Amino acid sequence: MIYDIRHVTTYSYESAVSFARCSLRLEPHNGGGQRLISHNVEIRPKPAERTARRDFFGTHTESVLIEVSHRTLRIDSRSRVSVDRHAPDRAAASPAWESVRDVAFEAASLGPASPVGYVFASALIPVLRPVTEYAAQSFPQGGGILAGAADLMRRIRGDFKYDPKATVISTPLKEVFEKRHGVCQDFAHVMIAGLRGLGLPAAYVSGYLRTIPPAGKPRLQGADASHAWVSVWCGSELGWIGFDPTNDLMIANDHIVLAVGRDFSDVSPVDGIIVGSRKQKLSVAVDVVPVG
């Protein structure tokens, strides 16, 4: 499947901003069943400086410096991506979760693909006993890692309500878990916290999900949104497998990976600092269009 993706981020400021420095993580991932065909980012006002690098996790990160006074900042990212990814059957045979845990802790490498880097608590994902106990219900003694992770994903989808008004980016995990309301970022954080509490490696994935409209209804421009899900290390043979707890889906060709990290703070598509005052308004529109 080939997709054209447009991700437009617009900041509108109540008063003029004289300086802005932003970090952009908007180039889709290249690898793991996904191939980046083209990518371009247009920024208005025009930056005085743009520099690119790969961060520790391999994500293409662009640093942008804007030195002209402005009331609106518009970042227009356009990409074309080919996706050919097979999702394993959630009931397929897989190693016992205890053995996966043990192998992960014995990993010799500390590189970005090493499972040991995704076992411990991170900035936005503390290890909490109630969350660990919740996750443990999906992992009976000797149970397969694949079946356990799929069951945890299914339970989160059933026990938590999708509610865009319930949380913000800074809402603590403890509050999300207690209220059982939130958005895709929250559900991914809860699942990761539960897995890490059991000693299992789990990464946070940001990206896009193709939105398929109901039969007979037109596709709405801008209706798609950036998405988040979980990648679980299922042992040396199976490697990293994707799970979407918001929709109870194994990751296949409808998901496009943007970036991978320990939690949202590692993969935020746009962040930075400005010199200005008063209020600002953020608008984000994402279109994911299948083209072949």
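We now turn to the structure provided with this report. Worth saying up front: this structure is predicted, and the values here are computed from it rather than measured.

Thresholds applied
Residues numbered from 1 in each chain as written. Predicted model: local features only at pLDDT ≥ 70, side-chain atom pairs only at ≥ 80, totals over all residues. Heavy atoms only, no water. Salt bridge = Lys/Arg side-chain N within 4 Å of Asp/Glu carboxyl O. Phe/Tyr/Trp six-rings, centres within 6.5 Å; stacked < 30°, edge-to-face > 60°. Helix = DSSP H or I, 4+ residues; strand = E, 2+ residues; numbered from the N terminus. Buried < 20%, exposed > 50% of the residue type's maximum accessible area, 1.4 Å probe, protein only. Lys NZ or Arg CZ within 6 Å of the ring centre and 35° of its normal. Arc of directions from axis to C-beta. Contact = heavy atoms within 4.5 Å.

Take the pattern of salt bridges next. Applying the stated criterion across every chain, the model contains 14 salt bridges. What emerges from the salt-bridge pattern is a single network uniting Arg6, Arg74, Asp76 and Arg78.

What follows deals with the packing of aromatic side chains. Scanning the entire structure with this criterion turns up twelve aromatic pairs. Centroid distance Phe56 to Phe57: 5.2 Å. Interplanar angle 85°. Geometry classified as edge-to-face. With centroids separated by 5.5 Å and ring planes inclined at 80°, the aromatic side chains of Tyr134 and Phe177 adopt a geometry described as edge-to-face. With Tyr134 in helix H2 (residues 129–136) and Phe177 in helix H4 (residues 173–179), this residue pair connects regions lying 43 residues apart in the sequence. Just as Tyr134 is buried, Phe177 falls in that class too. An aromatic cluster is built from Tyr134, Phe160, Tyr162, Phe177 and Phe187, whose rings are joined through pairwise contacts. Positioned above the aromatic ring of Tyr134 is the side chain of Arg155, whose terminal nitrogen or guanidinium carbon lies 4.1 Å from the ring centre. Arg180 extends its terminal NZ or CZ atom over the ring of Phe177, reaching a point 4.5 Å from the ring centre.

Where H2 is concerned, the buried positions are Val131, Thr132, Tyr134 and Ala135. Taken end-on, H2 shows its buried residues confined to a sector of 160°, consistent with a single buried face. Check the buried side of H2 and you find it contacts helix H3 (145–159), H4 and helix H5 (184–197).

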